[in-house]
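# Structural overview for review
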Amino acid sequence: ELGREEYKGYIKGYPRYDISYKYFSRASLKDHPSSYYMLAKMLINKNIGNGTKKDLKLAYEYLNKSISLGNIASVNLLGNMYKEGLYVKKNINKALDNYVYAYNNLGKIYENNKDYQKAFKYFEKASLLGESYALNTLGEYYRKGIYVDIDLNKAFTLYNKAIQAPIDNIYYYAYYNLAKYFYLTGDIVLVKNINKAINYLTIASNNNIIEASILLLYIYVDKYLKELDTSIISRIKELTLTIEKHPKYNKEIKKEI
């Protein structure tokens with residue numbers, strides 16, 4: 001946990017990769033699967049080292065150790081190494097064989113071609129391995145009635161499974177979807193839960209989901225207008241700044257907020 005806190009920059013306000021690496025190294029001595037994964041990830045991304053052959057060899061070893069301990073994310077990263085030819089010889093077939101998230105990529109390709117039957121098939125394969133993006137996507141299919149009949153109960157279940165994925169692989173739009181389509185409406189959950197909605201939207205907003213930040217802004221402005229509680233103003237200003245700094249910020253969003 002300390003390794004993750006330093007990696008995310010939550011302790012000092014900025015990432016301290018060298019300290020994070022040391023914490024993950026200590027955790028890996030106890031055969032902690034995610035620690036091996038994070039060590040490899042930092043070496044591959046050059047957060048630590050310079051991406052030398054020696055660094056990539058070590059990353060490769062860490063990934064294989066992590067996979068032997070059951071870490072799915074490491075299968076993904078190892079697949080990327082074969083896909084890009086990092087340390088190992090470039091081998092697309094081996095990448096597909098080892099790359100759990102290749103199912104997602106195939107799903108996206110078929111989705112872009114509007115072949116939703118095949119897209120659903122591949123997203124379902126990835127979802128059965130606990131992959132967060134795929135679980136959220138299937139939730140969207142069931143909520144919107146894409147290829148399958150609308151089933152809000154299944155959508156709700158899939159979104160919840162998506163947020164239960166390992167922290168480094170969570171697709172945070174699932175938090176946004178749960179808040180917007182269920183806790184703010186009362187659908188399936190039977191009664192509105194504004195506090196849980198705010199909590200989930202805050203998590204999504206803190207993880208760069210601009211739609212969650214905008215929806216939170218609406219909620220807090222509405223709350224201020226009803227209660228005239230001046231302490232809410234600081235939160236409104238904070239959210240506005242978060243939105244304005246987001247890469248997706250544009251003239252349309254500027255006009256809206």
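These notes cover the structure that comes with them. (Residues numbered from 1 in each chain as written. Predicted model: local features only at pLDDT ≥ 70, side-chain atom pairs only at ≥ 80, totals over all residues. Heavy atoms only, no water.)

### As for a nonpolar patch on the surface
Keep this limit in mind: Like-charged residues within 9 Å of one another, or nonpolar side chains (Val, Leu, Ile, Met, Phe, Trp, Tyr) within 5 Å, are grouped into patches, provided each residue has over 30% relative accessible area and no salt bridge. The method behind every accessible area is Shrake-Rupley, applied with a 1.4 Å probe, and residues are considered shielded solely by the protein chains displayed. Throughout this description, the term salt bridge denotes a Lys or Arg side-chain nitrogen within 4 Å of a carboxyl oxygen of Asp or Glu. Working definition: helices are DSSP H or I runs of at least four residues, strands are E runs of at least two. Numbering for both runs from the N terminus. Residue burial is assigned from relative accessible area. The probe radius is 1.4 Å, only protein chains are included, and a residue is buried under 20% of its type maximum, exposed over 50%, and partly exposed in between.
A cluster of nonpolar side chains, L2, I11 and Y23, forms an exposed patch at the surface whose accessible area comes to about 260 Å². Inspection of the secondary structure assignment puts Y23 in helix α2 (residues 17-28). You can call Y23 partly exposed: its relative accessible area is 31%.

### Observations concerning the packing of helix α12 (residues 194-206) against helix α13 (residues 210-227)
This is how the line gets drawn: Lines fitted to the C-alpha atoms define the axes, with helices restricted to the stretch that makes contact. Angles between their N-to-C directions range from 0 to 180 degrees. These descriptions rest on fixed angle ranges, namely under 35 degrees for roughly parallel, over 145 for roughly antiparallel, 65 to 115 for roughly perpendicular, and the rest for oblique. Handedness of a helix crossing follows the sense of rotation of the near helix relative to the far helix, less than a right angle counterclockwise being left-handed and clockwise being right-handed. We call two residues in contact whenever any of their non-hydrogen atoms come within 4.5 Å of each other. Any residue that is not Ala, Val, Leu, Ile, Met, Phe, Trp, Tyr, Cys, Pro, Asp, Glu, Lys or Arg is counted as polar, Gly included; the first ten are nonpolar and the last four charged.
For the pair α12 and α13, the least separation of the axes is 8 Å and the interaxial angle reads 140°. In terms of axis orientation, α12 runs oblique to α13. The two elements α12 and α13 cross, and the hand of that crossing is left-handed. Contacts between α12 and α13 involve I194, I198, L201, T202, A204 and S205 from the former and A212, S213, L215, L216, I219 and Y220 from the latter. Residue composition of the contact of α12 with α13, by class: 9 nonpolar, 3 polar and no charged.

### Focus on helix α8 (residues 116-127)
Condition: Expected span of a helix: the number of residues minus one, times 1.5 Å.
Spanning 12 residues, α8 covers 16 Å between terminal C-alpha atoms, matching the ideal 16 Å at 1.5 Å per step. If you check which residues of α8 are buried, you get A119, F120, Y122, F123, A126 and S127.

### Examining the pattern of salt bridges
In total, this model carries 9 salt bridges according to the counting rule given. The partner of K144 in a salt bridge is E140, and the shortest N-O contact between them spans 3.5 Å. Here the residue K144 and the residue E140 both occupy positions in helix α9 (residues 132-144), the gap between them amounting to 4 residues, near one helical turn. Under the relative-accessibility criterion, E140 is labelled buried at 16%. Its salt-bridge partner being D222, residue K226 comes within 3.2 Å of it at the nearest N-O pair. Here D222 and K226 lie together in helix α13, a separation of 4 residues that amounts to about one turn. Overall, K226 belongs to the exposed group, its relative accessible area being 65%.

### Let's talk about the packing of aromatic side chains
Stated precisely, the cut-off is as follows: Here a Phe, Tyr or Trp ring, Trp counted by its six-membered ring, pairs with any other such ring whose centre lies within 6.5 Å, and the pair is stacked when the planes are under 30 degrees apart, edge-to-face when over 60, and tilted otherwise.
Counted according to the given criterion, the structure contains 20 aromatic pairs. Ring centres 6.1 Å apart and planes at 55° place the aromatic pair F123 and Y133 in the tilted group. In this pair, F123 sits in helix α8 while Y133 sits in helix α9, placing the two residues 10 residues apart along the sequence. On the accessibility criterion, F123 (0% relative accessible area) is buried. Aromatic pair Y171 and Y173: ring centres 5.5 Å apart, planes at 35°, arrangement tilted. The class for Y171 is partly exposed, based on a relative accessible area of 27%.

That's the geometry; what it means functionally is another story.
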